[in-house]
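# Notes for the structure review
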Amino acid sequence: SSAWLIYNKLNASQRQTLMTNLFDPTQGAGLSYIREPIGSGDFALSNYTYDDMPAAQTDYNLNNFSINHDIAYIIPVLKQALQINPNIKFMGTPWSPPAWMKTGDSLLGQSGGTLAANAYVVYANYLVKYIQAYKTQGLPIDAITVQNEPLNAPTGYPGMLLSATDEANFIDNN
């Protein structure tokens, strides 16, 4: 949502002033760490991931993976921030994996359930593809998390319950 507002509601001069004020280490605040949602988060304009499929369909080979949604306005804003402050680090955080990877087949936290046992490997590959796709765009990802607020199951936006045991298992084995 922030990137959409910055890109779509500010003219080029206003955008440059704001971005300088936020990210320039000498003329502004010098912000140097950005947490970037992997897919949509709680304030996104719509609910999406990088590999959405129709209900009851899967994509274990990630043939439909795409960051095209982000290319419209998120990536340009992040590139501008990086141009202003080359020392910026980016951390990617998913609110939800694609619905077809979850036990409840929904992006929404309360109805989506948790990561399906047969989706651990494909979810790891999904995260790797995200890192690679952003790197191709000139945005190196410094770190990722497995899940935003893993014990929060929101009702109206993407999320996923993921116990500490399941998260540790995912990290250790995938």
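Structure: see above.
A brief structural summary.

Attention now goes to the overall build of the chain. Of the regular secondary structure elements, the chain holds 7 helices and 3 strands. Shown N-terminal to C-terminal, the secondary structure of the chain runs as helices and strands in the order α-α-β-α-α-β-α-α-β-α. Over its C-alpha atoms the chain spans a radius of gyration of 17 Å, differing by no more than 12% from the 16 Å that the globule rule assigns to 174 residues. Once the C-alpha set of the chain is aligned to its principal axes, its extents read approximately 50 × 30 × 30 Å. A total of 174 residues make up the chain; the buried ones form 43% of that total. For the chain, the share of sequence-separated contacts (at least 6 apart) that also reach a separation of at least 24 residues comes to 67%. For the chain, the separation between the mean place of its 8 positive charges and that of its 13 negative charges on side chains is 10 Å.

This part is about unusual backbone geometry. A positive phi is found at A56, a non-glycine position, where the angle reads about 70°. Looking at where A56 falls in the secondary structure, it is placed in the loop between β1 (33–38) and α3 (68–71). Of note in the backbone geometry, E149 takes a positive phi value of approximately 40° without being a glycine. Turning to its location among the elements, E149 is positioned in the loop between β3 (141–144) and α7 (164–173). Among the residues examined, E149 registers a relative accessible area of 43% and is labelled partly exposed.

Below, the discussion takes up the nonpolar core. Nonpolar side chains in soluble globular proteins tend to be buried together. The biggest cluster of nonpolar side chains holds 41 residues, and the ones touching the most others in it are Y50, M101, L115, Y126 and Y134. Elements supplying a minimum of two residues to this core: α1 (2–9), α2 (12–23), β1, α4 (74–84) and α6 (120–136). The dominant element in this core, judged by the number of residues it contributes, is α6, at 9 residues. With residues up to four places along the chain from it excluded, the contact list for L115 reads P97, M101, T103, Y120, Y123, M160, L161, L162 and F170.

The next point concerns the packing of aromatic side chains. All told, the structure shown has 10 aromatic pairs when counted by the stated rule. Relative to W100, the ring of Y60 lies with its centre 5.3 Å away and its plane at 70°, an arrangement referred to as edge-to-face. With Y60 in the loop between β1 and α3 and W100 in the loop between β2 (89–94) and α5 (109–112), this pair connects stretches of sequence that are 40 residues apart. Look at W100 and you get buried, because its relative accessible area is 7%.

Looking at the secondary structure, you find E36 in strand β1. Buried charge without a partner: E36 forms no salt bridge, and the closest opposite charge is R35, 9.0 Å away. In this structure, E36 is in contact with I74, L78, M91, G92, T93, Y130 and Y134, ignoring residues within four places of it in sequence.

Reading the values: rules and limits
- Residues numbered from 1 in each chain as written.
- Predicted model: local features only at pLDDT ≥ 70, side-chain atom pairs only at ≥ 80, totals over all residues.
- Heavy atoms only, no water.
- Helix = DSSP H or I, 4+ residues; strand = E, 2+ residues; numbered from the N terminus.
- Rg over C-alpha atoms; globule rule 2.2 N^0.38 Å.
- Buried < 20%, exposed > 50% of the residue type's maximum accessible area, 1.4 Å probe, protein only.
- Contact = heavy atoms within 4.5 Å.
- Lys, Arg positive; Asp, Glu negative; His and termini not counted.
- Charge placed at Lys NZ, Arg CZ, Asp CG, Glu CD.
- Core = buried A, V, L, I, M, F, W, Y, C linked by side-chain atoms within 4.5 Å.
- Phe/Tyr/Trp six-rings, centres within 6.5 Å; stacked < 30°, edge-to-face > 60°.
- Salt bridge = Lys/Arg side-chain N within 4 Å of Asp/Glu carboxyl O.

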